[in-house]
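# Summary of the model geometry
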Amino acid sequence: MRLNWRRSSRVEDRLEKWIAQQHQEQVLAGKTAPVGPHPDEAFLRDIVRKSKQISLSDSRLDHVANCPICLPRFLAFRRENESRRRKLVLVTTAAACLVIIAAIVSLARYRASTQSPAASVALVSETVNLWDAGTLRGEQPGSLQSVFLPAALVRVKIILPRFSTPGKYAVAVTMDQGGNGVVAQSSVAATTNGQQETVSVDLDLRQAKAGAYFLSTTHEQDQASYYYPLQIR
Ligand SMILES: [Zn+2]
């Protein structure tokens, strides 16, 4: 049904077009007699641009349709309008493409700017040997060994004190030995090497000001934190 309707509508379209063409040829050949005076150019332009606003009963329309002078002018305006509209579509499409390209470029730049600094900052490797270190457990005083780290992105390999148990450790840099003012922290499983337990963590100390801090290690099951005086320089 739908196909038949479409086909018949196409046939009607062709027929209408043919009639219009026949009529146009008759007009252009001067075989028709237009009624009334020639309308002005503004009206011819209005038929092209504001066709919906013009009443079909307007006698000027009837004149244009039958006038060998007005009809070619109207057809010229219509062609002009169509090419302008086509150009506008082309310009709009090009502008939209440019906007999309600009968005992609700025997104790529934004990603590059957010990713490259982190990627380009080199990790500074440091080893902290606490094998023979005394610790501060909570507020308990003990024999202390100072640890030095640079204010950088540091990959710290910590050799844990003698008799440390295997497992996961939380490593932190804090302002005091109560665990307050955490500057950086990371959790990692210790690796066993003979009798030694070692943890390797990345600590971002780039924002830290030079001064005295504490390096703490906390076993995930023990939950008691051990604090070692730390100097950042
Ligand atoms: Zn005319």
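A quick note: this is a predicted structure, and the numbers were derived from the prediction, not measured.

Here we take up the overall build of the chain. A count of helices and strands for the chain gives 4 helices and 10 strands. Ordered by position in the sequence, the α and β elements of the chain form the string α-α-α-α-β-β-β-β-β-β-β-β-β-β. Across its three principal axes, the chain shows a C-alpha extent of roughly 120 × 45 × 25 Å. Out of the 233 residues belonging to the chain, those deemed buried represent 27%. If you take every contact in the chain between residues at least 6 apart in sequence, the share linking residues at least 24 apart comes to 65%. Surface exposure of the chain reaches about 16,000 Å², of which carbon and sulfur atoms provide 55%.

Here we come to helix α3 (residues 59-66). Considered for burial, the residues of α3 that qualify are Leu 61, His 63, Val 64 and Asn 66. Two or three places before Arg 60, at the start of α3, stands the capping residue Asp 58, its side-chain oxygen 2.9 Å from that residue's backbone nitrogen.

On to the layout of surface pockets, then. Taken as a whole, the largest pocket holds about 280 Å³ of empty space. What lines the largest pocket is simply Ala 20, His 23, Gln 24, Ile 47, Leu 61, Val 64, Ala 65, Leu 71, Phe 74, Leu 75 and Arg 78. The set of elements that each furnish at least two residues to the lining of the largest pocket consists of α1 (2-28), α3 and α4 (70-120). Considering every element that reaches the lining of the largest pocket, the biggest residue donor is α4, with 4 residues. When grouped by side-chain class, the residues that make up the lining of the largest pocket number 8 nonpolar, 2 polar and 1 charged. Forming the walls of the second largest pocket are 13 residues, and the residues nearest its centre are Ser 164, Thr 165, Tyr 169, Asp 222 and Tyr 226. For the lining of the second largest pocket, the secondary structure elements donating two or more residues are β9 (211-219) and β10 (225-232).

Turning our attention to the nonpolar core. Judged by nonpolar contacts, the single largest core of 25 residues is most densely connected at Ile 158, Leu 203, Leu 205 and Leu 215. Counting only elements with at least two residues in this core, the list comes to β3 (147-149), β4 (153-159), β5 (168-174), β8 (196-204), β9 and β10. By size, the runner-up hydrophobic cluster in this structure holds 14 residues, among which are Leu 44, Cys 67, Cys 70 and Phe 77.

Around the zinc ion, the protein contributes the donor atoms His 38 (ND1), His 63 (NE2), Cys 67 (SG) and Cys 70 (SG), at 2.0 to 2.2 Å from the metal centre. Read from N- to C-terminus, the donor residues coordinating the zinc ion fall into the pattern H-x24-H-x3-C-x2-C. The burial state of His 63 is the same as that of Cys 70; both residues are buried.

Here we take up the pairing of β5. Most of β5 sits inside the fold, with 5 of its 7 residues counted as buried. Here β5 pairs with strand β6 (residues 182-189) via 7 bridges, running antiparallel. Bridging from a neighbouring strand, Val 171 pairs with Ser 186 of β6. With 6 bridges connecting them, β5 and β9 associate as antiparallel partners.

Viewed as axis vectors pointing N to C, helix α2 (residues 41-49) and α3 meet at an angle of 90 degrees, and their least axial separation amounts to 11 Å. Relative to α3, the element α2 is oriented roughly perpendicular. Listed contacts from α3 to Phe 43, Leu 44 and Ile 47 of α2 are Arg 60, Leu 61 and Val 64.

Evaluated as defined, the whole model comprises 1 cavity of 30 Å³ or more. At the level of elements, α2 and α4 are the ones that each hand at least two residues to the lining of the largest cavity. Counting residues per element, the lining of the largest cavity draws most heavily on α4, which supplies 4 residues. Class assignment of the residues belonging to the lining of the largest cavity gives a composition of 2 nonpolar, 1 polar and 4 charged.

Here the phi dihedral of Phe 163 falls at roughly 70 degrees; this positive angle occurs in a residue that is not glycine. Mapped onto the elements, Phe 163 comes out in the loop between β4 and β5.

Cut-offs and rules
- Residues numbered from 1 in each chain as written.
- Predicted model: local features only at pLDDT ≥ 70, side-chain atom pairs only at ≥ 80, totals over all residues.
- Heavy atoms only, no water.
- Helix = DSSP H or I, 4+ residues; strand = E, 2+ residues; numbered from the N terminus.
- Buried < 20%, exposed > 50% of the residue type's maximum accessible area, 1.4 Å probe, protein only.
- Contact = heavy atoms within 4.5 Å.
- Areas by Shrake-Rupley, 256 points an atom, 1.4 Å probe, with all protein chains shown as cover.
- Polar contact = N/O pair within 3.5 Å; in protein donor to acceptor, adjacent residues only side chain to side chain.
- 1 Å grid on protein atoms, 1.4 Å probe; cavity = no way out; pocket = protein on both sides within 12 Å on 5 of 7 lines; lining within 4 Å.
- Points joined across faces, edges and corners; volume = space filled by probe spheres on them.
- Nonpolar A, V, L, I, M, F, W, Y, C, P; charged D, E, K, R; others polar.
- Core = buried A, V, L, I, M, F, W, Y, C linked by side-chain atoms within 4.5 Å.
- Donors = N, O, S within 2.8 Å, 3.2 Å for Na, K, Ca; no water.
- Pairing = 2+ DSSP bridges.
- Axes fitted to C-alpha atoms, helices over the stretch in contact; angles between N-to-C directions.
- Parallel < 35°, antiparallel > 145°, perpendicular 65-115°, else oblique.

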